[in-house]
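# Structure at a glance
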Amino acid sequence: FDECNSQHVRRVINKKYSADVFNMRPEDIFLGKGVIIQFIKELVKFSLKEVKLQNRGFFYGVIKQVYYWYLKACLESIKPKAVITFIDNSSTFGWLAKHCDNFSFIAVQNGSRLSYAANPNSGFYVPHYFCFGTHEQELFSKIGYKVDHYYPVGSLVASLYFTPKEQVQEKYDLLIISTWRGDIGYAQDVQDTMRSMKIMDELLSRYIKDNKINAAIIYRAERNSKNWIIPELGFSEEEYYNQIYGSSIEYIDTNRSERNIFPLMQESHLVISCLSTAVIEAYGLGKKVLYCNFSGTDYYHQDIDNEILTTDSNYKNFSEKLNSIYKLSYKDYINTNKELMKYYMSYPDNVYTVPSAIREGVDKIIDQFETLKK
């Protein structure tokens, strides 16, 4: 369900199943006789009460619910054994999961869910959820997200793109993960997080020059994409970083199709950022990481443990914090952080078995559902 990043999910589906993608960008439109008949049957369940719950007006509520019943009619006509998505926070997927009883609905987590951005009325619902770690189990109950069954397995994407340890050589002392917000409007959270990021970058620029360390930054937006420039600022992500770091660091273009961020993190001694799911994915595999929160509030970082977070923008204290992380051996770092790493990213002992763990889990869910139907 939803073609966005569906290639990752396809890699974990057992080859004994035939699989197809229900496109949502734009939506697939089915107008066969079976779909039309099923759609008419579904419309009998139309609910004015549900329409009134919409906060965008009555007319929008009617159109949205008719659309949802149409999607259900399509799925009922296809008759899959299961519907699986990588877009776990899709409200459309959540609605269908609540209203379809003839097959299982399964989601694989594609990114961190943060309390500050959570909407308890978003319709987040997943019957079977392959999540990062037990962190989600505790968080979701607080923010009003509904999940019936959790399966903490770590990050699927990280498992697919991380390089085996024996093939990794450390290349950078420091890797900065950009949290450039892009062309998404200039709401308060964008202003706050961009301001925090600039404070971090100015501190890091000074630290890198003072200590002559080998550092790199990987851009968040792909070059010349929609989010390469923030219109309200009037310059690109590249221009922003050049103004601060100049020639003191290496600049690396992000490649979303190759996910080059993952091997880059493995090649770095310390990974640092403001807000990035990738940092937590690396942390779960034993990398030294640090989040910086210089926004003046814990609102955006309330889900990040103080063990891997700093809020002190005093340069002397900031430098001492980084120095202490560098001096700590990997063995001591992991001994100190291993429980927290597992809490955020419940990777199996071998991270490369994440796809097979999800594959086996999906098979079991389908088998159990088929048994119950009998």
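The preceding data block contains the structure.
What you see is a predicted model, and the numbers here were worked out from it, not measured in a lab.

Reading the values: the criteria
- Per chain, residue numbering runs from 1 following the sequence as it is written.
- Only residues with pLDDT of 70 or above have their local features reported here, since the model is predicted, and side-chain atom pairs are shown and tallied only from 80 upward, although totals for entire chains, interfaces and linings are computed over all residues.
- Heavy atoms from the whole structure form the basis of all side-chain values; hydrogens and water molecules are not counted.
- Buried means the residue's accessible area, taken with a 1.4 Å probe over protein chains only, is under 20% of the maximum for its type, while exposed means over 50%, and partly exposed covers the values in between.
- Helix and strand labels come from DSSP, where a helix needs a run of H or I of at least four residues and a strand needs a run of E of at least two; each type is numbered from the N terminus.
- Two strands are counted as paired when DSSP detects at least two bridges linking them.
- Throughout, right-handed denotes a crossover for which the path from the first strand over the helix to the second runs clockwise when the strands point away from the viewer.
- Only Phe, Tyr and Trp rings take part, Trp by its six-membered ring, and two of them pair if their centres are within 6.5 Å. Stacked means planes under 30 degrees apart, edge-to-face means over 60, and tilted covers everything else.
- When the NZ atom of lysine or the CZ atom of arginine is within 6 Å of a ring's centre and also within 35 degrees of its normal, the charge is said to sit over that ring.
- A fitted line through C-alpha atoms serves as each axis, taken over the contacting stretch for helices, and the angle formed by two N-to-C directions is quoted from 0 to 180°.
- If an angle is under 35 degrees, it is roughly parallel; if it is over 145, roughly antiparallel; if it lies from 65 to 115, roughly perpendicular; otherwise it is oblique.
- Helix crossings get a hand from a simple test, with the near helix turned counterclockwise from the far one by less than a right angle marking a left-handed crossing and a clockwise turn marking a right-handed one.
- Only heavy atoms enter the contact rule, under which two residues are in contact if any of them lie within 4.5 Å.
- Think of it as three bins: nonpolar holds Ala, Val, Leu, Ile, Met, Phe, Trp, Tyr, Cys and Pro, charged holds Asp, Glu, Lys and Arg, and polar takes everything else, Gly as well.
- Buried residues of nine kinds, namely Ala, Val, Leu, Ile, Met, Phe, Trp, Tyr and Cys, make up a nonpolar core once their side-chain atoms join them within 4.5 Å.
- Within 3.5 Å is the distance limit for a polar contact, defined as a pair of N or O atoms, with the added protein rule that one can donate a hydrogen and the other accept it, and that residues adjacent in sequence qualify only through two side-chain atoms.

Across the six residues of strand β5 (residues 172-177), five count as buried, placing the element largely inside the fold. Sheet topology places β5 next to strand β10 (residues 268-273); four bridges connect them, and they run parallel. Residue Leu175 lies in a different strand from β10, and its bridge partner there is Val271. Crossover β5 to strand β6 (residues 215-218) through helix α8 (residues 188-211) is right-handed.

A complete count under the given rule lists 30 aromatic pairs for this structure. Where Phe140 meets Tyr150, the ring centres are 6.3 Å apart and the plane angle is 55 degrees; that geometry is what we call tilted. With a gap of ten residues between them, Phe140 in helix α6 (residues 134-143) and Tyr150 in strand β4 (residues 146-152) connect regions that are remote in the sequence. By way of ring pairs, the aromatic residues Trp180, Tyr219, Trp228, Phe235, Tyr240, Tyr241, Tyr245 and Tyr251 are connected into one cluster. Lying over the aromatic face of Tyr315, Arg206 brings its terminal NZ or CZ to 3.8 Å of the ring centre. The aromatic ring of Tyr330 is capped on one face by Lys288, whose charged end is 5.1 Å from the ring centroid.

This next bit is on the packing of α8 against helix α12 (residues 315-327). Relative to each other, α8 and α12 sit at 60 degrees, their axes nearing to 11 Å. It follows that α8 is oblique to α12 by the angle criterion. In this structure, the crossing between α8 and α12 has a hand that is right-handed. Along its contact with α8, which presents Leu203, Leu204, Arg206, Tyr207 and Asp210, the element α12 presents Tyr315, Phe318, Ser319, Leu322, Asn323 and Tyr326. Classifying every residue of the contact of α8 with α12 gives seven nonpolar, two polar and two charged.

Let us now look at the nonpolar core. Counting residues in each nonpolar core, the largest one holds 53 residues, and the members touching the most others are Met265, Ile308 and Ile358. Judged by nonpolar contacts, the second largest core, of 34 residues, contains Met200, Ile213, Phe318 and Tyr326.

Two elements in contact, helix α2 (residues 33-43) and helix α4 (residues 58-78), have axes separated by 8 Å at closest approach and are oriented at 130 degrees. Here α2 lies oblique to α4, going by the angle between them. The handedness of the crossing between α2 and α4 comes out as right-handed. Every residue of α4 that contacts α2 at Gly34, Val35, Gln38, Phe39, Glu42 and Leu43 is listed here: Val66, Trp69, Tyr70, Lys72, Ala73, Cys74, Glu76 and Ser77. Among the residues making up the contact of α2 with α4, the classes are represented as eight nonpolar, three polar and three charged.

Attention shifts here to the side chain of Gln266. Turning to its location among the elements, Gln266 is positioned in helix α10 (residues 261-266). Polar side-chain contacts of Gln266 include one of 2.5 Å to the backbone nitrogen of Thr163. For Gln266, the contacting residues outside a window of four places in its chain are Phe162, Thr163, Val168, Lys287 and Tyr352.

The values reported here are purely geometric and, on their own, carry no functional implication.
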